[in-house]
Amino acid sequence: MSDAFQITVDGRPVPVTRGQTIGAALHAAGVRSWRTTRLGGRPRGLFCGIGICFDCLVSVNGRPPERACLLDARPGDEVTTS
Amino acid sequence: MSGQPGSDPVTCDVVVVGGGPAGVAGALTAARRGLRVVLLDSGARLGGQYFRHPAVAVRPGTAGFDRFVRQARALDRQARVLLRHQVWAVSRDDDLVVHCLAPGGGAVTVRCRGLLIATGAHDRALPFPGWDLPGVLTAGGAQALLKGDGVVAGRRIVVAGTGPFLLPVGAGLAGAGARVLGVFEAGGGLGLARHPLPALARAGEAAGYALALARHRVPYRTRRAVVAAHGERELEAVTVARLDRDWNVLATRRIACDTLAVGYGFVPQIDLGVQLGCDTRADVDGSPVLAVDGAQRTSVEGVWAAGEPTGVGGWRLAELEGRIAGLAIAAHAAPDAPAAGRVTEALIRRRGRLRAFGRALQEAYPVRPGWRGWLRDDTLVCRCEEVPLGRIREALRLGATDARSVKLLARPGMGWCQGRVCGYAVARLAGEPPGPPRRPVVQPVSLGTLAEPPHPLSWKDLP
């Protein structure tokens, strides 16, 4: 695996350095929120960064929501925000 | 050791949960004494929070890192290290049974005679208006981005909260090229003067960070806190307040910034111990931690704990407690083995000194009650269930007298994070210290996964 590759967020390319989490790659690319809350529709992205708070839930390649801060990005991952 | 070589379930001697300094030292110590050890960690690499490091080889300047890497490499040869495994429960039949989710979501169980809980701690957050805006991160979250991913959390960053951890966070961000507009310590900054000896012992480290902050012209101000965050869809500015000694607001000013890194100390992760019925005690700050004896043994047979779950004290203490636990577990497994390798008086004395230092730091940086005055009725306390302060006040008016009844009436702590983030605040708002967490399932597990028979770890899975 090359040390630099891309994933997409809602079809838009985002650069990744190997070993980065999806949450880190999104945050670094200036995508700071990728989810809205159920009740208030508030934007959410990284908060705790270590898998505690579940704010950064994201859907990758159509899978159910996972914590973006714990999930290593892989080449070609397709992230969809809600 | 029971079971036959092949695919029969194996009962290993020790399962260590957590791959930070305590877990790695404990696992390696036990493995070196001939025990079959399995270490489980949810992360992609060993290190925990303090020794977090990127996948692409970069040598971080973290004190003690080279030594940790040597231990981790040795452990890889002498034990089974299962990364990206999330432990969600521990139960007991004849053995202890550790239930976890493998990468991809499959259920795996590991049977063992001994369990070492080395699950570390996470940041303690306090709520304030706007704290759920994107761009507001915990101090540990900003540090994890920097250490693990090589990502600087923002361009114009404010660091705030309480405790010595704010110094390396501010220095690290400034050193990585961010404009750090200030490190705002809510405490008075005089606390350690009452403990001159341990303070001296670590003065070098703190002075190093203070120098780094000065070199980057980062102001460090005490009795200051971020009491509100502002922005439409993302953070655009914070309100920094000057505080009195109880953290009541005296005066405020606004600072434009894109990122806030905020943390008020740490919450030890003790869920697995509580699940098993281990006794807890109140730490210096009132937070529940696992009670252990001189050999790091909990009140439950076969269960040891080391590092932050037994009391917040930093990586040096965590590593030493891990070693002591590893020695104690080996001695327990083979009581007739020669005395060499037993827990020595020297180790115990060193642990005592490090614990005293940890206690002194916690006493020096307490959370003072005035933070409750920073909140408005519409300020979210629970981010998951979106419960504002007003609803918690309503529950208290309706007669809730403790955090548990507040939770039942207003639902704070009932969402995804199960109260890990808001637990401290909800307990204090209800007028009590935080109690031991009751989480029968520590990680989210799908019903589909529960319906599948779990894969029991067998001989062929072991080194």
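Here's what I pulled together on the structure shown here. (Residues numbered from 1 in each chain as written. Chains lettered and ligands numbered in written order. Predicted model: local features only at pLDDT ≥ 70, side-chain atom pairs only at ≥ 80, totals over all residues. Heavy atoms only, no water.)

Attention now moves to empty space enclosed by the protein. Applying the stated criterion across every chain, the model contains four cavities of 30 Å³ or more. If you go around the largest cavity, the residues you meet are A:T21, A:G23, A:A24, A:L46, A:G49, A:C69, B:R52, B:G141, B:A144, B:L145 and B:D149. The dominant element in the lining of the largest cavity, judged by the number of residues it contributes, is helix α3 (residues 139-149) of chain B, at four residues. A:F47, A:C48, A:I52, B:H122, B:D123, B:A125, B:T138 and B:V421 together form the lining of the second largest cavity. Within the lining of the second largest cavity, the residues separate by chemical class into five nonpolar, two polar and one charged. (1 Å grid on protein atoms, 1.4 Å probe; cavity = no way out; pocket = protein on both sides within 12 Å on 5 of 7 lines; lining within 4 Å. Points joined across faces, edges and corners; volume = space filled by probe spheres on them. Helix = DSSP H or I, 4+ residues; strand = E, 2+ residues; numbered from the N terminus. Nonpolar A, V, L, I, M, F, W, Y, C, P; charged D, E, K, R; others polar.)

It is worth spelling out the interface of chain B and chain A at this point. Facing the 43 residues of chain B at the interface are 36 residues of chain A. Both faces considered, chain B and chain A share a buried interface measuring about 3,200 Å² in area, 53% of it formed by carbon and sulfur atoms. In terms of surface lost to chain A, no three residues of chain B exceed B:R383, B:E386 and B:W416, which account for 17% of the buried area on that side. Where chain B touches chain A, the interface holds six salt bridges. For A:D55, the salt bridge goes to B:R383, with nearest N and O atoms at 2.5 Å. There are 20 residue pairs in polar contact (both at pLDDT 80 or more) connecting chain B and chain A. The set of elements that each furnish at least two residues to the side of chain B that touches chain A consists of β7 (121-123), β8 (136-138) and α3 of chain B. (Contact = heavy atoms within 4.5 Å. Buried area = accessible area lost by both parts, 1.4 Å probe. Salt bridge = Lys/Arg side-chain N within 4 Å of Asp/Glu carboxyl O. Polar contact = N/O pair within 3.5 Å; in protein donor to acceptor, adjacent residues only side chain to side chain.)

Before going further, it helps to spend a moment on the sheet that holds strand β13 (residues 237-243) of chain B. Residues and elements named next belong to chain B. An order of β12-β13-β14 is seen for the three strands of this open sheet, with the pairing classed as antiparallel. Where the open sheet ends on each side, the last strands, each with one partner, are β12 (224-230) and β14 (249-256). Taking each pair of neighbouring strands and ignoring which way they run, the sheet shows an average axis angle of 25°. As paired elements, β12 and β13 share six bridges and run antiparallel to each other. The residue of β13 that forms the bridge with A225 is A241. (Pairing = 2+ DSSP bridges. Axes fitted to C-alpha atoms, helices over the stretch in contact; angles between N-to-C directions.)

What follows concerns the side chain of B:T259. Residue placement: B:T259 occurs in strand β15 (residues 259-264). In this structure the side chain of B:T259 is engaged in a polar contact, spanning 2.7 Å, whose partner is the side chain of A:R32. Non-local contacts of B:T259, meaning those with residues more than four positions away in its chain, are made with A:R32, B:G135, B:L137, B:A153, B:G154, B:R156, B:I157, B:V158 and B:L235.

A few words on the sheet that holds strand β11 (residues 220-222) of chain B. All names here are of chain B. Here five strands make up an open sheet; going across it, the order is β8-β15-β9-β10-β11 and the pairing parallel. The outermost strands of the open sheet, each flanked by one partner alone, are β8 and β11. On average, adjacent strands in this sheet sit at an angle of 20° to one another, irrespective of strand direction. As defined by bridge partners, strand β9 (residues 156-162) adjoins strand β10 (residues 179-185) across six bridges and the pair is classed as parallel.

A word on the nonpolar core. Core analysis: the largest hydrophobic core is formed by 59 residues, its most contacted members being B:V238, B:L260 and B:W374. Top contributing element to this core by residue count: helix α11 (residues 423-429) of chain B, with five residues. (Core = buried A, V, L, I, M, F, W, Y, C linked by side-chain atoms within 4.5 Å. Buried < 20%, exposed > 50% of the residue type's maximum accessible area, 1.4 Å probe, protein only.)

Bringing the state of the cysteines into the picture now. Using the criterion set out here, one finds zero disulfides over all chains in the structure. Counting only cysteine sulfurs, A:C69 is the nearest neighbor of A:C56, a cysteine outside any disulfide, at a range of 3.9 Å. No disulfide involves B:C382; its sulfur sits 4.3 Å from that of B:C422, the nearest cysteine. According to the relative accessible area criterion, B:C382 is buried, its value standing at 2%. (Disulfide = S-S within 2.5 Å.)

Counting across every chain of the model gives 23 salt bridges over all chains. Here A:R42 and B:D132 are joined by a salt bridge, their closest N and O atoms 3.2 Å apart. Here B:D132 lies in the loop between β7 and β8 and A:R42 lies in the loop between β3 (35-36) and β4 (43-44), a pairing that spans two chains. Taking the relative accessible area as the measure of exposure, B:D132 reaches 7% and is therefore buried. Members of the salt-bridge network, linked through shared partners, are A:R35, A:R42, A:R44, A:D55, B:D132 and B:R383.

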